[in-house]
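Observations on chain architecture
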Amino acid sequence: MKELRLPNFHDINYGILHQVLIEKYVNPGEVVVAADSHTTTSGAVGAFAQGLGASDVAAAVITGRTWVQVPQPFKVKLVGEPGKWINGKDVALKILGDFKADYFNGMALEVFVERPSAFPMDYRATVANMGIEMNADALMFVPDSETVSYIKAMRGYEPPVVTPDPDAKYADEYTIELNKLEPLLAAPHSVDNVKTVGELEGTPVDQVFIGSCTNGRISDFVMAAQILKGKKVKARCIAIPASYNLFEKLMDMGIVKVLADAGCIITYGTCGPCLGGHFGIAGPGETIVSTSSRNFKGRMGSNESKVYLAGPAVAAASALEGKIADPRRY
Amino acid sequence: MKLEGKVLKFGDKIDTDIIIPARYLKYTDPEYLAQHAMEPLDPEFYKKARQGVILVAGKVFGMGSSREQAAIALKAAGVKAVIAESFARIFYRNAINNGLPAIVLPNATKEINEGDYVVVDVETGEIVVNGSKVLKGKGLTGMPLEIVKSGGLIEYLKKAKV
């Protein structure tokens, strides 16, 4: 690596690529490509971000160029304020449930937030992350005061702000009233098989995973800790922050201790069991509640396991009760 | 550029964890990856594809991960081309970048059946089913066509001497 003289080489102890990118590098209006599908996460700060295959990225590095098919823009409006246990995951699942996973193929979603501080960067990162699950070509949050204050807090400078033209034309538009959302899950084996927590309550759960580039940020663990504080989990519970920076902050905040005392297994920033690689691979017949982004057959391990996707509040409540549970009781 | 073979047919939303599960991604040998292609849905897929087949599928074929091994595994298994009602963006590029032609054909799963024999013209997108029925898909033109003809993106870039 020294021979290559890479100026920004991040070895282990940094975290998941997508989280490191929004913490340290990406500005509104930039074009980002990387060799992982969840590169869409950088849309949270208003970048046009796409995952590509390894050869495509190698070609972009060598030639400094790539090609894109220009997508059709689609407008999404988030209005009002979300309830206590609602976050970005419920918004992503609401869109997937209403439109299904093939609708946005060839489109780029532009998300306008009515009250910027009511839908903070963590929530935006979750929605942008799951833009790939919607098969959108890109998903961008229109930069606003929240974007500027996030980048300023993380990096100490005010980023340039690029916003859509006021007379921009959209294929269509869609509004989500945040105050009306209830906790949602995606049932096996499809990201668009969306159900309310009430429809699935009581389903026995073997393992809960709170983490990933989808929902492994400060507010996710704070939400989980509010439910788990002073109690003991009944299902195996694995908690993994998305980056080392977040892990350190969560230690300083005392959140790591709250989760550990509740019986969670906690480790430094990695993808964890999300893609069935390590740290909690699903066994045959097991049921998992996961805050990650995909519940495809065999995704987290055995082809005979089942994965329910949810936000951190449903995940924590389910870990506590050993079955899918409604966080609104806490 | 024409390709032909018997049809193996799949439905909508065939994802990359179906095409090649993540537990095999640490292997780089295309032949090994091929042996596990489509395993969660059809453990016999590799045997069926050996003879050289055309894959037909529904909507957003290849959705999910950016893993290029999805295209590599299918091609090495014996898939000559994929015809789908639509493709997930990353898979579509990965297929082309590995010399595996991807043809878009709305209603593909209604018009073509498992076991049909099809001839695909990669450039015009014309598909002849069982020597009689003619369908019009979206073929490859321009740079994607040149990449496929070169056998993939790496070979294309070597030839272009960039």
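Residues numbered from 1 in each chain as written. Chains lettered and ligands numbered in written order. Predicted model: local features only at pLDDT ≥ 70, side-chain atom pairs only at ≥ 80, totals over all residues.

1. Comments concerning the overall build of chain B
- When its secondary structure is counted, chain B shows eight helices and seven strands.
- Principal axes of the C-alpha set define a box for chain B whose edges measure 45 × 40 × 25 Å.
- A buried classification covers 53% of the 162 residues belonging to chain B.
- Of the contacts made within chain B by residues no fewer than 6 positions apart, 66% connect residues no fewer than 24 positions apart. (Helix = DSSP H or I, 4+ residues; strand = E, 2+ residues; numbered from the N terminus. Buried ≥ 20, exposed ≤ 12 C-beta atoms within 10 Å, placed from the backbone. Contact = placed C-beta atoms within 7 Å.)

2. Some points on the overall build of chain A
- Secondary structure assignment for chain A yields eleven helices and 13 strands.
- Computed over C-alpha atoms, the radius of gyration of chain A comes to 19 Å, within 12% of the 20 Å expected from 2.2 N^0.38 for 330 residues, which places it in the range of a compact globule.
- The C-alpha extent of chain A, read off along each of the three principal axes, is 50 × 50 × 40 Å.
- Buried positions account for 55% of the 330 residues belonging to chain A.
- Sequence-distant contacts in chain A: of pairs separated by 6 or more residues, those separated by 24 or more amount to 72%. (Rg over C-alpha atoms; globule rule 2.2 N^0.38 Å.)

3. Overview of the confidence of the model for chain B
- A residue-level look at chain B finds 99% of positions with pLDDT of 70 or above and a mean pLDDT of 96.
- Confidence estimates for the predicted assembly give a pTM of 0.97 and an ipTM of 0.94. (pLDDT = per-residue confidence, 0-100.)

4. Describing the sheet that holds strand S5 (residues 138-141) of chain A
Residues and elements named next belong to chain A.
- Pairing is parallel across the open sheet formed by four strands, whose spatial order is S5-S4-S3-S6. Each end of this open sheet is capped by a strand with a single partner; those strands are S5 and strand S6 (173-177). Taken over all neighbouring pairs, the strand axes of this sheet differ in orientation by 20° on average, direction set aside.
- Strand direction decides the pairing type here: strand S3 (residues 72-79) and S6, joined by five bridges, are parallel. (Pairing = 2+ DSSP bridges. Axes fitted to C-alpha atoms, helices over the stretch in contact; angles between N-to-C directions.)

5. A word on unusual backbone geometry
- Omega for the bond connecting proline 188 of chain A with histidine 189 of chain A falls within 30 degrees of zero, at -15°, which places this linkage in the cis form.
- Examined against the element boundaries, histidine 189 of chain A turns out to sit in the loop between strand S7 (184-186) and strand S8 (194-196).
- In this model, lysine 100 of chain A sits at a positive phi of 70°, which is unusual for a non-glycine residue.
- Following the sequence through the fold, lysine 100 of chain A ends up in the loop between helix H3 (88-99) and strand S4 (107-113).
- Backbone geometry at methionine 38 of chain B places phi at a positive 60°, although glycine is not the residue there.
- Along the chain, the position of methionine 38 of chain B falls in the loop between helix H2 (30-35) and helix H3 (45-49).

6. Structural notes on the sheet that holds strand S4 (residues 102-104) of chain B
Residues and elements named next belong to chain B.
- The strand order across the open sheet built from seven strands is S4-S3-S2-S1-S5-S6-S7, with neighbouring strands paired in mixed fashion. Among the strands making up the open sheet, the edge pair consists of S4 and strand S7 (133-136). Sheet twist, expressed as the mean angle between neighbouring strand axes with direction ignored, is 30°.
- Pairing geometry for strand S2 (residues 53-57) and strand S3 (residues 79-84), over five bridges, is parallel. Across the sheet, residue isoleucine 54 finds its bridge partner in S3, namely alanine 81.

7. Let's talk about the interface of chain A and chain B
- Taken together, the contacts link 27 residues of chain A with 26 residues of chain B.
- Element by element, the count of residues in the side of chain A that touches chain B is highest for helix H2 (residues 54-63) of chain A, at six residues.
- Residue composition of the side of chain A that touches chain B, by class: eight nonpolar, twelve polar and seven charged. (Nonpolar A, V, L, I, M, F, W, Y, C, P; charged D, E, K, R; others polar.)

8. Looking at helix H9 (residues 244-252) of chain A
Residues and elements named next belong to chain A.
- Taken together, the buried positions of H9 are Leu246, Phe247 and Leu250. Along H9, the residues classed as buried sweep out an arc of 105° about the axis, all on the same side.
- Against helix H8 (218-228) and helix H10 (255-261) lie the buried residues of H9.
- With its phi angle positive at about 85°, glycine 254 sits one or two positions after the end of H9. (Arc of directions from axis to C-beta.)

9. Observations regarding the environment of aspartate 17 of chain B
- Locating aspartate 17 of chain B in the fold gives a position in helix H1 (residues 16-19).
- Its 26 C-beta neighbours within 10 Å are what place aspartate 17 of chain B among the buried residues.
- What aspartate 17 of chain B contacts, discounting residues up to four positions off in sequence, is Arg294, Phe296, Lys297, Gly298 and Arg299 of chain A together with Ala22, Gly64 and Ser65 of chain B.

10. Quick notes on the pairing of strand S9 (residues 207-211) of chain A
All names here are of chain A.
- For S9, a buried count of five out of five residues is recorded, marking the element as mostly surrounded by other parts of the structure.
- Residues Gln207, Phe209 and Gly211 of S9 are buried on one face, and the alternating residues Val208 and Ile210, pointing to the opposite face, are buried as well.
- In the sheet, S9 pairs with strand S10 (residues 236-240) via five bridges, with the strands oriented parallel. Within S10, the position partnered with glycine 211 by the bridge is isoleucine 240.
- Bridge analysis of S9 against strand S12 (residues 287-290) gives three bridges, and the strand direction is parallel. Note on S12: the bridge partner recorded for phenylalanine 209 is serine 290.

11. Structural notes on the packing of H8 of chain A against helix H11 (residues 312-321) of chain A
Residues and elements named next belong to chain A.
- Following both chains from N to C, one finds H8 and H11 inclined at 30°, their axes separated by 8 Å at the closest point. In this structure, H8 meets H11 at a crossing whose hand is right-handed. The segment H8 lies against H11, with Asp220, Met223, Ala224, Ile227 and Leu228 engaging Pro312, Ala313, Ala315, Ala316, Ala317 and Leu320.
- Across the contact of H8 with H11, the residue classes break down as ten nonpolar, no polar and one charged. (Left-handed = near helix turned anticlockwise from the far one by under 90°.)

12. A few points about helix H7 (residues 142-150) of chain B
Residues and elements named next belong to chain B.
- Of the positions making up H7, those classed as buried are Pro144, Ile147 and Val148. One side of H7 holds all its buried residues, which, seen down the axis, span an arc of 95°.
- The inward-facing, buried residues of H7 contact helix H5 (89-97) and helix H8 (153-160).
- Glycine 151 occupies a position one or two residues after H7 and carries a positive phi of about 95°.

13. Some remarks on the nonpolar core
- Core analysis: the biggest nonpolar cluster contains 161 residues, and Leu259 of chain A together with Ala73, Val82 and Ile83 of chain B have the highest contact counts within it.
- Summarising the domain contributions, this core has at least three residues from each of domain 1 (17-180) and domain 2 (184-329) of chain A.
- Setting aside residues no more than four positions away along its own chain, isoleucine 83 of chain B makes contact with Ile54, Val56, Ile103, Leu105, Ala108, Val120, Ile127 and Gly137 of chain B. (Core = buried A, V, L, I, M, F, W, Y, C linked by C-beta atoms within 7 Å. Domains from an automatic or database assignment.)

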